[in-house]
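Structural features, examined
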Amino acid sequence: MTQETTFIYKPSDHELERASNSYLMSLVAIIAGLPLPIVNLFATLFFYLANRKSTFFVRWHCTQALLSQLTLLCANSVGFWWTIAIIFRNEKTTNQYIGYIFTILFFNILEFASTIYCAVQTRKGKHIQQWFFGNLTNLICKA
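Analysis parameters
- Residues numbered from 1 in each chain as written.
- Predicted model: local features only at pLDDT ≥ 70, side-chain atom pairs only at ≥ 80, totals over all residues.
- Heavy atoms only, no water.
- Helix = DSSP H or I, 4+ residues; strand = E, 2+ residues; numbered from the N terminus.
- Buried < 20%, exposed > 50% of the residue type's maximum accessible area, 1.4 Å probe, protein only.
- Contact = heavy atoms within 4.5 Å.
- Areas by Shrake-Rupley, 256 points an atom, 1.4 Å probe, with all protein chains shown as cover.
- pLDDT = per-residue confidence, 0-100.
- Salt bridge = Lys/Arg side-chain N within 4 Å of Asp/Glu carboxyl O.

What about the overall build of the chain?
Across its full length, the chain holds 5 helices and 2 strands. Each helix and strand of the chain, placed in order from N terminus to C terminus, yields the pattern β-α-α-α-α-β-α. Taking all 143 residues of the chain together, the buried fraction comes to 40%. The contacts of the chain with a sequence gap of at least 6 include a subset with a gap of at least 24, amounting to 74%. Carbon and sulfur atoms make up 69% of the accessible area of the chain, which amounts to about 8,600 Å² in all.

Right, dumping it as structure tokens:
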């Protein structure tokens, strides 16, 4: 799920902290706005915008955190609005809905664990690339 690579230069302690915080922003937002799927994305987006002109290491990790939250937002939004439709429009709970909710829960738990892992490892100075998001971030971020 993740791959550790090395950067050519050694990031400073300040850079390590800011890169690690890019992952932690989504975790803090989970606590603040759990039922709304967009809160995590906004927290990560604001942190990205504040650091988009920072060093490559910080910018790269902010971008990877943002991309993972953007993908999760799409999946969570479908589940959120499907649940709202069931509650307020008296739609039936189907096997597809239950399966989708369990799948979303699995991916959210996986993302939560991955975010904590990336934050801790990045703070230690290790460059962690998440599967899929790391390659996409490499395409977006240029040194």
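Side note on the confidence of the model for the chain
Parts of the prediction with low pLDDT should not have their coordinates interpreted in detail. Averaged over every residue, the pLDDT of the chain is 85; residues scoring 70 or more account for 90%. The lowest-confidence element of the chain is strand 1 (residues 2–5), averaging 66 in pLDDT; the highest-confidence one is helix 4 (residues 95–123), averaging 92.

A short note on the pattern of salt bridges
Per the counting criterion, the structure on display carries 2 salt bridges. Its salt-bridge partner being glutamate 91, residue arginine 89 comes within 2.4 Å of it at the nearest N-O pair. Given a relative accessible area of 58%, arginine 89 falls into the exposed group.

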